[in-house]
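# What the coordinates show
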Amino acid sequence: MAKKTIKDLNVQDKTVLVRVDFNVPFQDGKITDDNRIVQALDTIKYLIDQDSKVVLFSHLGKVKTEEDKAKNNLEPVAKRLSELLGQEVKFSPETRGEKLEQLVEELAAGEVLLVQNTRYEDIDGKKESGNDPELGKYWASLGDVFVNDAFGTAHRAHASNVGIASHLDSGVGFLIEKELKYIGGAVDNPERPFVAILGGAKVSDKINVITNLLDKADKIIIGGGMAYTFLKAQGKEVGKSLMEEDRIPVAKEIIEKAGDKLVLPVDVVIADDFAPDANTEIVSVDDIPADWEGLDCGPKTVEQFKEVLQDAKTVVWNGPMGVFEMEAFAKGTIGVCEAIAELEDANTIVGGGDSAAAVAQLGYEDKFTHISTGGGASLQYLEGKELPGIEAIADK
Ligand code: ADP
Ligand code: MG
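Residue indices begin from 1 for each chain and proceed along its sequence in written order. As they are written, the chains are lettered A onward and the ligands numbered 1 onward, keeping that order. With pLDDT at 70 or above as the cut-off, local features in this predicted model cover only qualifying residues; side-chain atom pairs require 80 or more to be listed or tallied, and sums for whole chains, interfaces and linings still use all residues. Hydrogen atoms and water are omitted, and side-chain values are computed over all heavy atoms in the structure.

## A word on the nonpolar core
Let me state the cut-off plainly: Nonpolar cores were defined as sets of buried Ala, Val, Leu, Ile, Met, Phe, Trp, Tyr and Cys residues, with membership established by side-chain atoms within 4.5 Å. Burial classes follow relative accessibility: with a 1.4 Å probe on protein chains only, a residue under 20% of its type's maximum area counts as buried, one over 50% as exposed, and anything between as partly exposed. Per the convention used, a helix needs a DSSP run of H or I reaching at least four residues, while a strand needs a run of E reaching at least two, with both numbered from the N terminus. A contact between two residues is defined here by any heavy atoms of the two lying within 4.5 Å.
Core analysis: the largest hydrophobic core is formed by 56 residues, its most contacted members being Ile220, Ile222 and Phe230. Looking at this core, the element that brings in the most residues is helix α9 (residues 203-214), giving six residues. Those residues in contact with Phe230, other than ones at most four positions away along the chain, are Val203, Ile210, Ile222, Ala251, Ile254, Ile255, Leu262 and Leu264. Within the second largest apolar cluster, 29 residues are counted, among which are Leu9, Val24, Ile44 and Leu47.

This is the structure:
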């Protein structure tokens, strides 16, 4: 059933609790990529315009020890957000208690408060991550309505998303709405041909994605480390390439079921070491030597992938085509980026943390229709599974 969105809620002059995903990367105390904060602005600005009193919750990293607390202090995010919004953002150093309650109480219409890292509550007994019912109820008691806009944690049932949602009227924010529109639209209602590109490290991580998309896509391109388990399943030798012996049977099943839907590499870039300066060669998938490993797709494979992609109307991509982090093994991933960049009116979507990083690192970010902000969440969505953080939101 369709979920309520922020536009379905009465937020005017209300205290609105918002779960955002401010789990941003830090280096030496500085935010190195503020994209997640930027992505939450639409929802926050809308609430400010509605004269809401905005209370923001987010986790940051994992918190198991007191040192983790210092390392994962959310306060710098309040500063960055305040720069981006052009107005003061208040900060509560505490995740519960009188001080927090007072800060919420004192908020005026259109003011914004960020609460300290929700995972500070994990220190004694995983209250946040374990969705402790008392904690969710307490947080919910601070506000009138709840908006979940943290797509990146939507695949988890935590106190700050599922917990709060079970006590208040609720809706998804603009970011989650956008993610569902693009990823959901592509998977459930694709304009055809629909080509899925799956790669990355392991078959075992992606089996459910492959099987879910097998029924929906017209072609499935397989690259990256997971290709070698498929090649092995076809009886080929893969040397020292990444290969999961115990997944050979399921790879065989998929090959059989998929028929000519499945597009596997025909040549690969092999290396004598997993290193940027290793010796490399390009060989047919029939000629991988025993003591070498395949780290990228070869040029013939890239041509073949480009051919398959050239008339695609919908493309969903999860998992890099090779070890793109090393220049010597980035050509397969670049090739796929180029092929997608050339598509004129296709709906092109990237899901997966490393895949999104690859697209950004290689400079193709603006060539895609949508790059998901949630690695694990987008993966789970592509598996055809429900996301608890969204399921918990009120139905329309
Ligand atoms: P995503 O995060 O997009 O879902 P994965 O986590 O499944 O992607 O996989 C990404 C990783 O897979 C990258 O770090 C990349 O280096 C690695 N990888 C890709 N191809 C190979 C390969 N042939 N051998 C080993 N690792 C590979
Ligand atoms: Mg990954």
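## Some words on helix α12 (residues 299-309)
How we decide: By arc we mean the arc of the directions from the helix axis to the C-beta atoms, nothing more.
Within the span of α12, buried status applies to Thr301, Val302, Phe305, Val308 and Leu309. Looking down the long axis of α12, one finds its buried residues gathered within 120 degrees of arc, a one-sided arrangement. Seen from the open side of α12, the exposed residues pointing more than 90 degrees away from its buried face are Lys300 and Glu307.

## Some thoughts on unusual backbone geometry
With omega at 0 degrees, the peptide bond leading from Arg192 into Pro193 counts as cis. Of note, Pro193 is situated in the loop between α8 (174-188) and β9 (194-198). Residue Asp51 is not a glycine yet carries a positive backbone phi of 60 degrees. Within the secondary structure, Asp51 is located in the loop between α2 (41-49) and β4 (53-57). Classification of Asp51 as partly exposed rests on a relative accessible area of 33%. A positive phi angle, close to 50 degrees, is found at Asn131, a residue other than glycine. Structurally, Asn131 is set in the loop between β6 (112-115) and α6 (133-140). Judged by relative accessible area, Asn131 falls into the partly exposed class, the value being 22%.

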